[in-house]
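Notes for the structure review
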Amino acid sequence: MIDEEKIKEGVRLLLEGIREDPDREGLKETPERIARMYQEIFAGMRQDAAKPLAKVFHTENADMVLEKDITFYSTCEHHLLPFYGKAHIAYIPNGRVVGLSKLARTVDIYARRLQLQERMAAQIADAVMEYLQPKGVMVMLEAEHMCMTMRGIQKPGSRTTVYAARGLFQGDYSLQGHFFQMVK
């Protein structure tokens, strides 16, 4: 559980550190607002990917299943700034499929943590492999990082793309190519 009192205290110190008055009218309730916001945007720290991925359906289908353009918002652990974008997940069933909304819920669970984009792709791929036990899975995340667009190099619109391949996708560049074509 998130310690709201420590967050409030920290926000007050931050405001004082940038030479703001935490007691002025516009900032009086900011520590409370930030504490409530952190409960929401870091909710994934208290959630387990096993829950949404546990509801499976049996199938004879062994063709690739792709859920693409899953919007996500996360927070960079290096600068505590948002990064956001789209997730694309494909898997090859091994007798079991999951409801499509469950893949989006899995993305949210990992996105709602302090995160690195590369780690998040791996976590999603590993969770799908563990709980669905497919023949293979591929996850691609495309994101814009506010730590690159509003500070530092300041290059708005630049996107970072990472992917994680497991099972049959690992090392099969033809299968990976098929995934990339489907994502386009």
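Preceding this paragraph is the structure being described.
In short, a report on the structure. (Residues numbered from 1 in each chain as written. Predicted model: local features only at pLDDT ≥ 70, side-chain atom pairs only at ≥ 80, totals over all residues. Heavy atoms only, no water.)

Re the overall build of the protein
Broken down by element type, the protein carries 7 helices and 7 strands. Each helix and strand of the protein, ordered N terminal to C terminal, gives the series α-α-α-β-β-β-β-α-β-α-β-α-β-α. Expressed along its principal axes, the backbone C-alpha trace of the protein runs to roughly 65 × 35 × 20 Å. Counting across all 184 residues of the protein, residues that qualify as buried make up 41%. Sequence separation of at least 24 residues holds for 69% of the intrachain contacts in the protein that already meet a minimum separation of 6. Accessible area of the protein: about 10500 Å², with a carbon and sulfur share of 51%. Taking the 25 positively charged and 25 negatively charged side chains of the protein as two groups, their mean positions are separated by 3 Å. (Helix = DSSP H or I, 4+ residues; strand = E, 2+ residues; numbered from the N terminus. Buried < 20%, exposed > 50% of the residue type's maximum accessible area, 1.4 Å probe, protein only. Contact = heavy atoms within 4.5 Å. Areas by Shrake-Rupley, 256 points an atom, 1.4 Å probe, with all protein chains shown as cover. Lys, Arg positive; Asp, Glu negative; His and termini not counted. Charge placed at Lys NZ, Arg CZ, Asp CG, Glu CD.)

Observations regarding the environment of Pro-134
Tracing the backbone through its elements, the reader meets Pro-134 in the loop between α5 (117-132) and β6 (136-145). Spatially, the C-alpha atoms of Pro-134 and Arg-46 are 26 Å apart, while their sequence positions differ by 88 residues. Apart from the residues within four sequence positions on either side, Pro-134 is in contact with Tyr-91, Ile-92, Asn-94, Val-128 and Met-129.

Digging into the nonpolar core
Residues Phe-72, Tyr-91 and Leu-141 are the most contacted members of the largest nonpolar core, which totals 31 residues. Taken together, the elements giving at least two residues each to this core come down to β2 (65-76), β3 (82-92), β4 (96-98), α4 (100-111), α5, β6 and β7 (160-167). A per-element tally of this core places α5 first, with 7 residues. Not counting residues up to four positions away in its chain, the partners in contact with Leu-141 are Phe-72, Lys-86, Ala-87, Gln-117, Met-120, Ala-121, Ile-124, Thr-160, Thr-161 and Val-162. With 11 residues, the next largest nonpolar core counts Ile-92, Met-140, Phe-169 and Val-183 among its residues. (Core = buried A, V, L, I, M, F, W, Y, C linked by side-chain atoms within 4.5 Å.)

Regarding the layout of surface pockets
What the largest pocket holds in volume is close to 440 Å³. Looking at the largest pocket, it is lined by 16 residues, and the ones nearest its centre are Tyr-38, Ile-41, Phe-42, Thr-75 and Leu-80. The residue makeup of the lining of the largest pocket, split by class, is 12 nonpolar, 3 polar and 1 charged. (1 Å grid on protein atoms, 1.4 Å probe; cavity = no way out; pocket = protein on both sides within 12 Å on 5 of 7 lines; lining within 4 Å. Points joined across faces, edges and corners; volume = space filled by probe spheres on them. Nonpolar A, V, L, I, M, F, W, Y, C, P; charged D, E, K, R; others polar.)

Observations regarding the environment of Arg-46
Relative to the assigned elements, Arg-46 resides in the loop between α2 (30-41) and α3 (50-53). Between the alpha carbons of Arg-46 and Thr-160 there is a distance of 27 Å; along the sequence they are 114 residues apart. In this structure Arg-46 touches Met-1, Ile-2 and Gln-39, once residues within four positions along its chain are discounted.

Quick look at the side chain of Glu-142
As for its position among the elements, Glu-142 is in strand β6. In terms of polar contacts, Glu-142 uses its side chain to reach the side chain of His-88, at 2.7 Å. In this structure, Glu-142 is in contact with Phe-72, Tyr-84, Gly-85, Lys-86, His-88, Gln-117, Arg-159, Thr-160 and Thr-161, ignoring residues within four places of it in sequence. (Polar contact = N/O pair within 3.5 Å; in protein donor to acceptor, adjacent residues only side chain to side chain.)

Brief notes about the side chain of His-88
Among the structural elements, His-88 can be located in strand β3. Here His-88 falls in the buried class, since its relative accessible area comes to 1%. Here the side chain of His-88 touches Asp-69 through a polar contact of 3.0 Å, landing on its backbone nitrogen. When near neighbours in sequence (up to four residues on either side) are disregarded, His-88 contacts Glu-67, Lys-68, Asp-69, Met-138, Val-139, Met-140, Glu-142, Phe-179 and Val-183.

A look at the packing of aromatic side chains
Tallied over the entire structure, the rule returns 6 aromatic pairs. Arranged with centres 5.6 Å apart and planes meeting at 85°, the rings of Tyr-163 and Phe-180 form a pair that is edge-to-face. One end of the pair, Tyr-163, is in strand β7; the other, Phe-180, is in helix α7 (residues 173-183), and 17 residues separate them in sequence. Note on Phe-180: relative accessible area 29%, which makes it partly exposed. (Phe/Tyr/Trp six-rings, centres within 6.5 Å; stacked < 30°, edge-to-face > 60°.)

A closer look at the pairing of β2
Where β2 lies against β3, 9 bridges are found, and the strand directions are antiparallel. From the neighbouring strand, Glu-67 faces β3, where its bridge partner is Ile-89. Looking at chain direction, β2 and strand β5 (residues 114-115) are connected through 2 bridges and run parallel. Within β5, the position partnered with Cys-76 by the bridge is Gln-115. (Pairing = 2+ DSSP bridges.)

Any functional reading would require information beyond the geometric quantities listed.
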